[in-house]
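Chains, contacts and geometry: an overview
Given next are the chains, with one letter for each unit.
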Amino acid sequence: MSLMLSEKAATEVKKIITEQKLPEATVLRVGITGGGCNGLSYKMRFVAQPKAGDILVRSEGVEVLVDPKSALY
């Protein structure tokens, strides 16, 4: 699996974490779900802990979690 954040995206993620006063251990979780007629839906949220089986990717100083099913896409 290859997931990379651009420098600008990483800066924005760090900015959101700071502005929302989230804990330092906050990690960005990204996932994909079926979207019916519209294809796939992409979801992002901040979490404190990974779930079992999650894949951790570090990109531009940001930790990103991806579930195994979403990692296929």
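Preceding block: the structure.
The sections below set out a description of the structure shown in this document.

The rules we used
Per-chain numbering applies: the sequence of each chain, read as written, is numbered from 1 onward. Given that the model is predicted, a residue must reach a pLDDT of at least 70 before its local features are reported, and side-chain atom pairs must reach 80 or more before they are shown or counted; all residues, however, enter totals for whole chains, interfaces and linings. Excluded from the side-chain calculations are hydrogens and water; all other atoms, namely the structure's heavy atoms, are used. Following DSSP output, two strands are said to pair if at least two bridges run between them. Working definition: helices are DSSP H or I runs of at least four residues, strands are E runs of at least two. Numbering for both runs from the N terminus. All axes here are fitted lines through C-alpha atoms, helices being fitted over the stretch that makes contact, and every angle between N-to-C directions spans 0 to 180 degrees. Burial classification: accessible surface area is computed with a 1.4 Å probe over protein chains only, and a residue below 20% of its type maximum counts as buried, one above 50% as exposed, and the rest as partly exposed.

**A look at the sheet that holds strand β3 (residues 55-59)**
Strand pairing in a sheet takes place through backbone hydrogen bonds and is either antiparallel or parallel in direction. Overall, mixed pairing links the four strands, which are arranged β2-β1-β4-β3 in an open sheet. Since the sheet does not close on itself, it has two edges, and those belong to β2 (40-47) and β3, each with one partner. Each strand of the sheet is rotated relative to its neighbour by a mean of 25 degrees, with strand direction disregarded. Pairing between strand β1 (residues 27-34) and β2: eight bridges, direction antiparallel. If you follow glycine 31 over to β2, its bridge partner there is lysine 43.

**Digging into unusual backbone geometry**
A positive phi angle, near 55 degrees, is found at lysine 21, a position not held by glycine. Here lysine 21 shows up in the loop between α1 (7-19) and β1. Residue classification places lysine 21 among the exposed residues on the basis of a relative accessible area of 75%. Of note, the phi angle at glutamate 60 is positive, near 55 degrees, even though the residue is not glycine. If you trace the backbone, glutamate 60 turns up in the loop between β3 and β4 (62-66). Accessibility expressed as a relative area gives 45% for glutamate 60, which makes it partly exposed.

As far as function goes, none of this settles anything; it's purely spatial.
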